[in-house]
Amino acid sequence: MPSGNMKPPIRKPIGYLLAFLGLVLCLVAFARYQGLTWTVEDAPILWQRDLVFADTPDGQIVAIDSFDSKEVMVFKGEQGFLRGTLRALARERKRRGMGPEAPFRVIEHTDGRLTLLDPSTSQRIDLESFGPVNSAIFRNLKHP
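The notes below deal with the structure included here.

Calculation notes
- Residues numbered from 1 in each chain as written.
- Predicted model: local features only at pLDDT ≥ 70, side-chain atom pairs only at ≥ 80, totals over all residues.
- Heavy atoms only, no water.
- Phe/Tyr/Trp six-rings, centres within 6.5 Å; stacked < 30°, edge-to-face > 60°.
- Helix = DSSP H or I, 4+ residues; strand = E, 2+ residues; numbered from the N terminus.
- Buried < 20%, exposed > 50% of the residue type's maximum accessible area, 1.4 Å probe, protein only.
- Pairing = 2+ DSSP bridges.
- Axes fitted to C-alpha atoms, helices over the stretch in contact; angles between N-to-C directions.
- Contact = heavy atoms within 4.5 Å.

### Quick word on the packing of aromatic side chains
Taken as a whole and assessed by the stated rule, the structure comprises 4 aromatic pairs. Note on Phe 53 and Phe 104: the rings are 6.3 Å apart at their centroids and 40° apart in plane angle, and the pair reads as tilted. In this pair, Phe 53 is assigned in strand β1 (residues 45–55) and Phe 104 in strand β4 (residues 104–109), connecting sequence segments 51 residues apart. Judged on exposure class, the residue Phe 53 and its partner Phe 104 are both buried. Measuring from centroid to centroid gives 6.2 Å for Phe 81 and Phe 138, while their planes differ by 80°, and the two rings are edge-to-face. In this pair, Phe 81 is assigned in helix α2 (residues 80–95) and Phe 138 in helix α3 (residues 132–139), connecting sequence segments 57 residues apart.

### Comments concerning the sheet that holds β4
Strands sit in the order β3-β2-β1-β4-β5-β6 across an open sheet of 6 strands; the sheet is antiparallel. Unpaired on one side and paired on the other, β3 (71–75) and β6 (123–126) mark the two borders of the sheet. When strand polarity is set aside, the average angle formed by the axes of neighbouring strands in this sheet is 25°. Direction of pairing for β1 relative to β4: antiparallel, over a ladder of 6 bridges. Each bridged residue has a counterpart across the sheet, and for Leu 51 the counterpart in β4 is Phe 104. Together, β1, β2 (61–65), β3, β4, β5 (114–118) and β6 form the strand contacts of α2, whose direction differs from that of β6 by roughly 160°. The sheet contacts of α3 involve β1, β3, β4 and β5, and relative to β5 the element is tilted by about 55°.

### Structural notes on the pairing of β1
Bridge count for β1 against β2 is 5 bridges, and the pairing is antiparallel. The residue bridging Phe 53 from the neighbouring strand is Ala 63, located in β2. The loop that links β1 with its antiparallel partner β2 comprises 5 residues; one of these, Gly 59, has a positive phi angle of about 90°.

As C-alpha cells, then:
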C-alpha cells in the first residue's frame, strides 16, 4: 500500500494538445485554400511622401521628392535595410515589366505605423515590423 506522502502521477495531456494544434492547422489551411484573408483597416494617414530612389555612381542612394524633383536625402554606406526593402519592391516591378521611374510612397499613419507602398504594383511593406531603428530610416524622409 502506498505511503501517505506519495502523490499520484500527473498525466500530461500531450495527445490532446497535439490534436488541438492539428485541428487549428487544418482550419488555417482550409481558410487559406478557400481564399479567405484577414486584413486590418489602416489608421488614417498622418503624412505621406512620394519618393524616387536612385543609385549614384559612387554607390550612394539618393531620395528625390517626386513632386518637385528636389533631393531629399543622400544615404551613404552600405544601407542594408534600405537597399533590401527597395530591392524587394523593385523585384515585383521587374517581374511585371515595369521600370524604376515611378515613385514609392512612404506613409505614416496616426497610430504610428509606417508603410512603404509601391502604387504601381500595390505591394507594401509594413516598416514598423523591422523595429524602430530600421523604420527610422524611412521616418526621416518626412516633409521638413
